[in-house]
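The primary structure of each chain is shown beneath.
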Amino acid sequence: MNNKNKILMMVLLSIGFSTFGQSKVQVPSSSTQPSKYQLEQIKRKYGMFIHFGINTFHNEEWTDGSKPASSYNPTTIDAKQWVATAKNSGMKYIILVAKHHDGFCLWDSKYTEYDVANSGNKTNVVEAIAKECEKQGIRLGLYYSLWDRKENGEVKNVKADFAYNKYMLNQINELLELAQKHTKVVELWLDGGWEKENYRWPIQQLYSNVKERAPQCQVGVNWTIGSPKNVDQHPVLPIDQEEYFPIRYFPSDFRLGDPYLPKDPDPKLFVNQGQVYYMPFETTVVLGKRWFYHTDDNTPRPVAELADLYHKATAQDNILILNVGPNREGRVKDTDVDVLQKLKVNLGL
């Protein structure tokens, strides 16, 4: 697609989005210092990623949306144990994978039948976790994959963007409204943007919608930073990032690039259209070898290795989230609980 056609497509998409989203346009304030909510995010410092879904039942990390919803069939959903594990490990928040690349939703979405309501266990996991986070006094974040291999598998088809983006924006609104009936959502972790050119995602509309419903919610898109030569270059590793590199997905509140650590010294100032924005970095790493539960992945990393990751990830006003993958019984494995407790002691949390 040439530059003229790209510009035309961006205009058409922006006009289209205005027809189904009336949120006031919002962007972060240009600043060389962290904002109020960025400071709160930095203070949280340490959290738990929870990867759980249809992949859990197939020993796969990325399924393609073809697995039947009925194959998701946990014995139970022990939301109390998940949240207690995070809290008792010294973590301040949880980020729950609400929808991964396969498109399967851990809540009852009115926009799809590929969700828990049509599965072997109809528990609304998002709602259960939100209630427990509020009850146990821990914060909640949500992960949502922009890339949906079931609903929008033909990512090269630009003509499909409008319908899919409407679907996606509706789902994110639905997800926030559901969770925030029970607790505040402090983070939205977005993934999979690399599958399309950045201008094809409605990031501005998405950001504005989120801030209207949850002003405290920090929005981040994986592989946030581009290159001065190409704002949509993929990937630009954290080790290669420099101050005043362009923001690939704007607006965003913080940087992501999993599973990499920030460089030292870590740049914090990045640009969009000549304006400078402060952006901390959030490191996301797995406790063991994989994101989702696999029957052959039962050995977490050594405590010393995890402690080293913690110190490197959080040393420069940045954040670490460690991933656990609950098993097919809907519980965090005993081996994971044990190593997290030992890590807490090692870190003096």
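Definitions and cut-offs
- Residues numbered from 1 in each chain as written.
- Predicted model: local features only at pLDDT ≥ 70, side-chain atom pairs only at ≥ 80, totals over all residues.
- Heavy atoms only, no water.
- Helix = DSSP H or I, 4+ residues; strand = E, 2+ residues; numbered from the N terminus.
- Buried < 20%, exposed > 50% of the residue type's maximum accessible area, 1.4 Å probe, protein only.
- Polar contact = N/O pair within 3.5 Å; in protein donor to acceptor, adjacent residues only side chain to side chain.
- Salt bridge = Lys/Arg side-chain N within 4 Å of Asp/Glu carboxyl O.
- Contact = heavy atoms within 4.5 Å.
- Arc of directions from axis to C-beta.
- Disulfide = S-S within 2.5 Å.
- Expected span 1.5 Å × (residues − 1).
- pLDDT = per-residue confidence, 0-100.
- Pairing = 2+ DSSP bridges.
- Axes fitted to C-alpha atoms, helices over the stretch in contact; angles between N-to-C directions.

## Examining the environment of Thr314
If you trace the backbone, Thr314 turns up in helix H7 (residues 303–314). For Thr314, a relative accessible area of 9% translates into the label buried. In this structure the side chain of Thr314 is engaged in a polar contact, spanning 2.7 Å, whose partner is the backbone oxygen of Tyr310.

## A short note on the pattern of salt bridges
Oppositely charged side chains can pair when the atoms bearing their charge come close. On inspection of all chains with the given rule, the structure shows 18 salt bridges. Two residues, Arg248 and Asp232, come together in a salt bridge whose shortest N-O distance is 2.8 Å. Pair noted here: Arg248 is in the loop between strand S5 (218–222) and strand S6 (254–256) and Asp232 is in the loop between S5 and S6, with a separation of 16 residues, a long-range link. Given a relative accessible area of 19%, Asp232 falls into the buried group. Each of Asp161, Lys196, Glu197 and Arg200 takes part in salt bridges that share partners, so that together they form one network.

## Some points on the environment of Leu269
Among the structural elements, Leu269 can be located in strand S7 (residues 269–272). Separated by 22 residues in the primary sequence, Leu269 and Ile247 have C-alpha atoms spaced 9.8 Å apart. Residue contacts for Leu269: discarding those within four places in its chain leaves Ser31, Thr32, Glu243, Tyr244, Phe245, Val276, Tyr277 and Tyr278.

## Side note on helix H2 (residues 36–44)
Of all the residues in H2, the buried ones are Gln38, Gln41, Ile42 and Arg44. Seen end-on, H2 carries its buried residues on one side only, within an arc spanning 155°. Opposite the buried face of H2, by more than 90 degrees, sit the exposed residues Lys36 and Lys43. Positioned one or two residues after H2, Lys45 has a phi angle of 70°, which is positive.

## Re the state of the cysteines
Here a disulfide denotes one covalent bond, and it connects the sulfur atoms of two cysteines. Tallied over the full model, the rule gives 0 disulfides. Here Cys133 stays unpaired: no disulfide links it, and the sulfur of Cys217, its closest cysteine neighbor, is 13 Å away.

## Topic: helix H8 (residues 334–347)
The end-to-end C-alpha distance of H8, which contains 14 residues, comes to 20 Å, matching closely the 20 Å that a straight helix rising 1.5 Å per residue would cover. Turning to H8, its buried residues number three or more, namely Asp336, Val339, Leu340, Leu343 and Leu347. Projected onto a plane normal to the axis of H8, the buried residues spread over an arc of 105° and lie on a single side. The outward face of H8, more than 90 degrees from its buried face, is lined by the exposed residues Asp334 and Val345. Positive backbone phi, approximately 70°, marks Gly348, located one or two places after H8.

## Details of the confidence of the model for the protein
Of the residues in the protein, 94% reach a pLDDT of 70 or more, and the chain-wide mean stands at 94. With pLDDT under 50 throughout, residues 7–19 is counted as low confidence; its partners more than four residues away or in other chains account for 13 contacts.

## Considering the sheet that holds S6
Paired through backbone hydrogen bonds, the strands of a sheet run either parallel or antiparallel to each other. On the basis of which strands lie adjacent, the closed barrel formed by 8 strands has the order S1-S2-S3-S4-S5-S6-S9-S10 and parallel pairing. Direction aside, the axes of adjacent strands within the sheet are offset by 25° on average. Here strand S2 (residues 93–99) runs beside strand S3 (residues 139–145); their pairing, made up of 6 bridges, is parallel. Within the sheet, the bridge partner assigned to Leu96 lies in S3 and is Leu142. Against the sheet, H8 contacts strand S1 (46–50) and strand S10 (319–324), and its axis sits at roughly 155° relative to S10.

## Examining unusual backbone geometry
A cis geometry characterises the amide bond from His234 onward to Pro235, with omega recorded as -10°. Summarising the element assignment, Pro235 is placed in the loop between S5 and S6. Looking along the chain, the bond that leaves Phe250 and enters Pro251 is cis, with omega of 5°. The topology assignment puts Pro251 in the loop between S5 and S6. Even without being glycine, Asn59 reaches a positive phi, approximately 55°. Even without being glycine, Gln273 reaches a positive phi, approximately 50°.

## Some words on the pairing of S10
Burial of S10 is extensive: 6 of the 6 residues sit out of reach of the surface. Going residue by residue along S10, you find Ile319, Ile321 and Asn323 tucked away on one face and Leu320, Leu322 and Val324 tucked away on the opposite face as well. Pairing of S1 with S10, which is carried by 5 bridges, proceeds in the parallel orientation. Within S10, the residue paired with Met48 across the bridge is Leu322. With 5 bridges connecting them, strand S9 (residues 281–286) and S10 associate as parallel partners. When the sheet's bridge partners are listed, Glu282 is paired in S10 with Ile319.

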